[in-house]
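Fold and contact review
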Amino acid sequence: MFRCMLVRSSSSAKQSLLRRNLSSGSVPERKVAILGAAGGIGQPLALLMKLNPLVSSLSLYDIANTPGVAADVGHINTRSEVVGYMGDDNLAKALEGADLVIIPAGVPRKPGMTRDDLFNINAGIVKNLCSAIAKFCPHALVNMISNPVNSTVPIAAEIFKKAGMYDEKKLFGVTTLDVVRAKTFYAGKANVPVAEVNVPVIGGHAGVTILPLFSQATPQANLSGDVLTALTKRTQDGGTEVVEAKAGKGSATLSMAYAGALFADACLKGLNGVPDVVECSYVQSTITELPFFASKVRLGKNGVEEVLDLGPLSDFEKEGLEALKPELKSSIEKGVKFANQ
């Protein structure tokens, strides 16, 4: 089927994308499961993963409405077979044999909602889903999107430890949206093509814990300190910007789905042995004194191949790094405490 698709495809761009992604003529079979696939992030994420030629089986799970999403996405003429699973009774089938599990499940942030409100709902959802992952696909890579990521990743780690199958190389907090925003905002101010921009973002995935390293941005632009401060603040407040613009009707779903699909693609390339796949992600780490930290990570066949050093920081970034640590530490401890209640 895949060879037929390749031959029939009228798009030379798609063919070049496939050739670039694949190191040989045959593509490994890869099952990707999306937990929360009928939600605001889950639906566009399902669409984007259906378009990814590295996916052979796309498993869509949610507590409701998944058959409709699966039927809709399943009509798209790309490689992957799509199956929708609904309700707790079908979670095992959704997960069995998965190489990669992406978790956008949970409620979005609404205006006036505190992080505690968000935590209390989503932490329980994540706890239950991770218990099922430990049971039914213990060797899968896990991409955590459910907020607050600073806490949900430590929750997942604790649940996996309790099940006796924790592998720190296979658990990722998806912070790619912070990178996507930093690139977009930087390109606008530096007046450079956004496709050429790279900006590492370190720390965590909420407010001041998000620290874009504009001093390491490429291509370099001679931006003033005030502009860099404003860019940092806008990157940190990107989620709030969208929540307010949607005026109570939702949060960042489309850009988050795009970022989630980008990171999932990087994970799949790593699994397939594509060399030098480097992305920022929130992982178990020893580069600071905190047990979890977002930084550049080299991805490979086992998930995390190497957590890369932070590199040289400007004085402003050094201050930001020290300022974010107490809040990030508190969020990590909160997750660990919840998982062990």
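Attention in this report is confined to the structure presented alongside it. (Residues numbered from 1 in each chain as written. Predicted model: local features only at pLDDT ≥ 70, side-chain atom pairs only at ≥ 80, totals over all residues. Heavy atoms only, no water.)

1. Thoughts on the nonpolar core
The test is simple: Residues belong to a common nonpolar core when they are buried Ala, Val, Leu, Ile, Met, Phe, Trp, Tyr or Cys residues joined through side-chain atoms within 4.5 Å. Each residue gets one of three labels from its accessible area relative to the maximum for its type: buried under 20%, exposed over 50%, partly exposed in between, using a 1.4 Å probe on protein chains only. Each helix is a run of H or I in the DSSP string that is no shorter than four residues. Each strand is a run of E no shorter than two, and both are numbered from the N terminus.
Residues Leu35, Leu95, Val101, Ile103, Ile133 and Phe160 are the most contacted members of the largest nonpolar core, which totals 49 residues. For this core, the elements supplying multiple residues, two or more each, are strand 1 (31–35), helix 5 (91–95), strand 4 (100–103), helix 6 (115–136), strand 5 (141–144), helix 7 (149–162), strand 10 (292–300) and helix 12 (315–339). No other element matches the eight residues that helix 6 contributes to this core.

2. A look at the packing of helix 8 (residues 176–190) against helix 9 (residues 225–236)
Inclusion rule: Only the stretch in contact is used when fitting a helix axis, every axis being a line fitted to C-alpha atoms; angles between N-to-C directions are given from 0 to 180 degrees. Crossing chirality is assigned from the near helix's rotation relative to the far helix, an anticlockwise turn below a right angle marking it left-handed and a clockwise turn marking it right-handed. The contact rule is simple, with two residues in contact once any of their heavy atoms fall within 4.5 Å.
Between helix 8 and helix 9, whose axes approach to 9 Å, the crossing angle comes to 145°. Where helix 8 crosses over helix 9, the two elements pack in a sense that is right-handed. Along its contact with helix 8, which presents Asp178, Ala182, Phe185, Tyr186 and Lys189, the element helix 9 presents Val227, Leu231, Arg234 and Thr235.

3. Some words on the packing of aromatic side chains
Formally: A pair of Phe, Tyr and Trp rings is counted when the ring centres sit within 6.5 Å of each other, with Trp represented by its six-membered ring. The angle between the planes then sorts it: under 30 degrees is stacked, over 60 is edge-to-face, the rest tilted.
Under the counting rule described, the total for this entry stands at four aromatic pairs. When the centroid spacing of 5.5 Å and the interplanar angle of 85° are considered together, the rings of Phe119 and Phe338 count as edge-to-face. Of this pair, Phe119 sits in helix 6 while Phe338 sits in helix 12, and the two are 219 residues apart along the sequence. Taken as a pair, Phe119 and Phe338 share a single burial class, namely buried. Taking the centre distance of 6.1 Å and the plane angle of 40° together, the rings of Tyr282 and Phe292 count as tilted.

4. Some thoughts on the side chain of Gln236
Put simply, the rule is: We define a polar contact as two N or O atoms separated by no more than 3.5 Å, with the added condition that, inside protein, one atom must be a possible hydrogen donor and the other a possible acceptor, whereas residues neighbouring each other in sequence contribute only through side-chain atom pairs.
Checked against the element boundaries, Gln236 lands in helix 9. Owing to a relative accessible area of 16%, Gln236 belongs among the buried residues under this scheme. A polar atom in the side chain of Gln236 sits 2.9 Å from the backbone oxygen of Ile210. Apart from residues lying up to four places away in sequence, Gln236 is in contact with Gly207, Val208 and Ile210.

5. Focus on the environment of Asp265
Mapped onto the fold, Asp265 is located in helix 11 (residues 254–271). Asp265 sits in the buried class, given a relative accessible area of 15%. Sequence spacing of Asp265 and Met49 is 216 residues, and the spatial spacing of their C-alpha atoms is 8.3 Å. In this structure Asp265 touches Asn52 and Leu54, once residues within four positions along its chain are discounted.

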